[in-house]
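# Observations on the model geometry
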Amino acid sequence: MASMMFTDCSSSTTSRLFHLNRRNGTSLLRQCVGQLRFQTTASGRGCIRSSSSPISAISVILVGDRKDSATYVRNKKKACDSVGIKSFEVCVAEDSSEEEVLRSVSGFNDDPSVHGILVQLPLPSHMDEQNILNAVSIEKDVDGFHPLNIGRLAMRGREPLFVPCTPKGCIELLHRYNIGIKGKRAVVIGRSNIVGMPAALLLQREDATVTIIHSRTKNPEEITREADIIISAVGQANMVRGSWIKPGAVIIDVGINPVEDSSAARGYRLVGDICYEEASKVASAITPVPGGVGPMTIAMLLSNTLKSAKRIHNFQ
């Protein structure tokens, strides 16, 4: 079974694996959700009951027929089912107009039974991604991509309604394994709106000293070698070598890249941005690819959806 875990790479152990596996990503939510269900009273406030109706609901808009996107959506649906969250899916043809997607977003914005809206990225090139993401109600933006959520994340003393799921999952992994962040030197490789930039903002909130490496950075190897914590989300297979890593560093590898492998059934295998074979000899802990960050992303999506449902139903 693929694992969602850190590998302990210390010389005093024989590549010991921590016990957090794929199923634990959703079990984190079960600890919070249990078997609680919402029932709306005449006063409009939420109370608790036991029933078969879902505690919250998320709607996913899938545009086109990309296999990777369809796989992500399928995995999210399985995770929703496992914790009692109802999921809706709208599939829109790749050649559909942007207006058609916006109509779906608007419909879910207005539907009180929907607590979270997710637009699966990437979108076809003829659609304005930011225009569509901005149309999602901030109260249902469980992906955390709305500019007001990102703006609040960037400001001291302000709290976003939702934090982007993958960066949130990275920080949750560090917390769950009691890896200190305060005062540490952290390097984030990649500056995308989805992972790199919000990951850097979250690390700053945890009082890390943060450096972002991007395509114009000079001496990235030198800078990375100073880091206590590395989060890589650049999308280049095995870019970060063992020589880039300070002994004892903690590595979170968000990258997921196909490389040719004739011995694999599909003709390829998935690897991260970090050269795992080399890095695991130097780092104190590292996430594998696949099975490391991916399940945490889905778990945080469900966590955000639960948070939205509780807010909508005024349930503390």
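As annotated in an unreviewed UniProt entry, the protein is Bifunctional protein FolD 4, chloroplastic isoform X2 from Camelina sativa. Per its UniProt entry, the protein bears the Pathway (unreviewed entry) comment "One-carbon metabolism; tetrahydrofolate interconversion."

Take the sheet that holds strand 5 (residues 85-92) next. Overall, parallel pairing links the three strands, which are arranged 5-4-6 in an open sheet. The sheet is open, and its two edges are formed by strand 5 and strand 6 (116-119), each paired on a single side. Between one strand axis and the next, the sheet turns by 20° as a mean value, whatever way the strands run. When strand 4 (residues 56-63) meets strand 5, the two strands line up parallel, connected through eight bridges. Bridge pairing in strand 5 places A57 opposite K86. Here helix 3 (residues 98-110) sits on the sheet in contact with strand 4, strand 5 and strand 6, set at roughly 180° to strand 4.

The next point concerns a negative patch on the surface. A grouping of D65, E94, D95 and E100 is seen on the molecular surface, where their side chains present a negatively charged patch. Note on placement: E100 falls in helix 3.

With that out of the way, let us pick up helix 5 (residues 147-154). Residues N149, I150 and L153 constitute the buried set of helix 5. What you see down the axis of helix 5 is that its buried residues fit within an arc of 95°, all on one side. Elements in contact with the buried residues of helix 5: helix 7 (196-205).

All chains considered together, the criterion is met by seven salt bridges. When the shortest N-O distance is used, the salt bridge between D261 and R269 registers 3.2 Å. Since its relative accessible area comes to 17%, D261 is described here as buried. For R269, a relative accessible area of 39% gives the class partly exposed.

A few words on the packing of aromatic side chains. Aromatic rings in a pair are described by how distant their centres are and how their planes are angled relative to each other. For the coordinates displayed, the defined rule picks out zero aromatic pairs. Just above the ring of F162 sits the side chain of R311; from NZ or CZ to the centre is 5.1 Å.

Before going further, it helps to examine the environment of I150. Note on placement: I150 falls in helix 5. Between the C-alpha atom of I150 and that of M197, which follows or precedes it by 47 residues, the distance is 9.4 Å. Ignoring sequence-local partners within four residues, the contact set of I150 consists of G144, F145, P164, M197 and L201.

With that settled, consider the pairing of strand 4. Strand 4 sits mainly inside the fold: eight of its eight residues count as buried. Of the two faces of strand 4, the one lined by S56, I58, V60 and L62 and the one lined by A57, S59, I61 and V63 are each fully buried. Once you follow strand 4 into helix 2 (residues 67-83) and on to strand 5, the crossover reads as right-handed. Relative to strand 6, strand 4 runs parallel, the two sharing four bridges. Across the sheet, the residue bridging to I61 is V119, located in strand 6.

Structural remark: α-helix, 3.6 residues per turn; residues separated by three or four positions point the same way. Its 13 residues give helix 3 an end-to-end C-alpha distance of 19 Å, which sits within 8% of 18 Å, the value for a rise of 1.5 Å per residue. For helix 3, every residue scored as buried is listed here: E98, V101, S104, V105 and F108. Along helix 3, the residues classed as buried sweep out an arc of 125° about the axis, all on the same side. Exposed side chains of helix 3 directed beyond 90 degrees from the buried face belong to R103 and D110. Those residues of helix 3 that are buried lie in contact with strand 4, strand 5, strand 6 and helix 4 (129-135).

Moving on, we get to the side chain of E98. Structurally, E98 can be placed in helix 3. Nearest to the buried, unbridged E98 among oppositely charged side chains is R103, at 11 Å. For E98, the residues in contact, after removing those within four places along its chain, are H126, M127, D128, N131 and I132.

Empty space among the atoms becomes visible once a probe the size of a water molecule is rolled across them. With the rule as written, the count across this model stands at one cavity of 30 Å³ or more. Computed from the structure, the largest cavity encloses a volume of approximately 40 Å³. I117, V119, L133, V136, D141, D143 and F145 together form the lining of the largest cavity. Looking at the lining of the largest cavity residue by residue, the classes come out as five nonpolar, no polar and two charged.

What counts and what doesn't
- Residues numbered from 1 in each chain as written.
- Predicted model: local features only at pLDDT ≥ 70, side-chain atom pairs only at ≥ 80, totals over all residues.
- Heavy atoms only, no water.
- UniProt positions renumbered as here; feature names shortened; annotations may be inferred.
- Pairing = 2+ DSSP bridges.
- Helix = DSSP H or I, 4+ residues; strand = E, 2+ residues; numbered from the N terminus.
- Axes fitted to C-alpha atoms, helices over the stretch in contact; angles between N-to-C directions.
- Contact = heavy atoms within 4.5 Å.
- Patch = residues over 30% accessible without salt bridge, like charges linked within 9 Å, V, L, I, M, F, W, Y side chains within 5 Å.
- Areas by Shrake-Rupley, 256 points an atom, 1.4 Å probe, with all protein chains shown as cover.
- Salt bridge = Lys/Arg side-chain N within 4 Å of Asp/Glu carboxyl O.
- Lys, Arg positive; Asp, Glu negative; His and termini not counted.
- Charge placed at Lys NZ, Arg CZ, Asp CG, Glu CD.
- Buried < 20%, exposed > 50% of the residue type's maximum accessible area, 1.4 Å probe, protein only.
- Arc of directions from axis to C-beta.
- Phe/Tyr/Trp six-rings, centres within 6.5 Å; stacked < 30°, edge-to-face > 60°.
- Lys NZ or Arg CZ within 6 Å of the ring centre and 35° of its normal.
- Right-handed = clockwise from strand over helix to strand, strands pointing away.
- Expected span 1.5 Å × (residues − 1).
- 1 Å grid on protein atoms, 1.4 Å probe; cavity = no way out; pocket = protein on both sides within 12 Å on 5 of 7 lines; lining within 4 Å.
- Points joined across faces, edges and corners; volume = space filled by probe spheres on them.
- Nonpolar A, V, L, I, M, F, W, Y, C, P; charged D, E, K, R; others polar.

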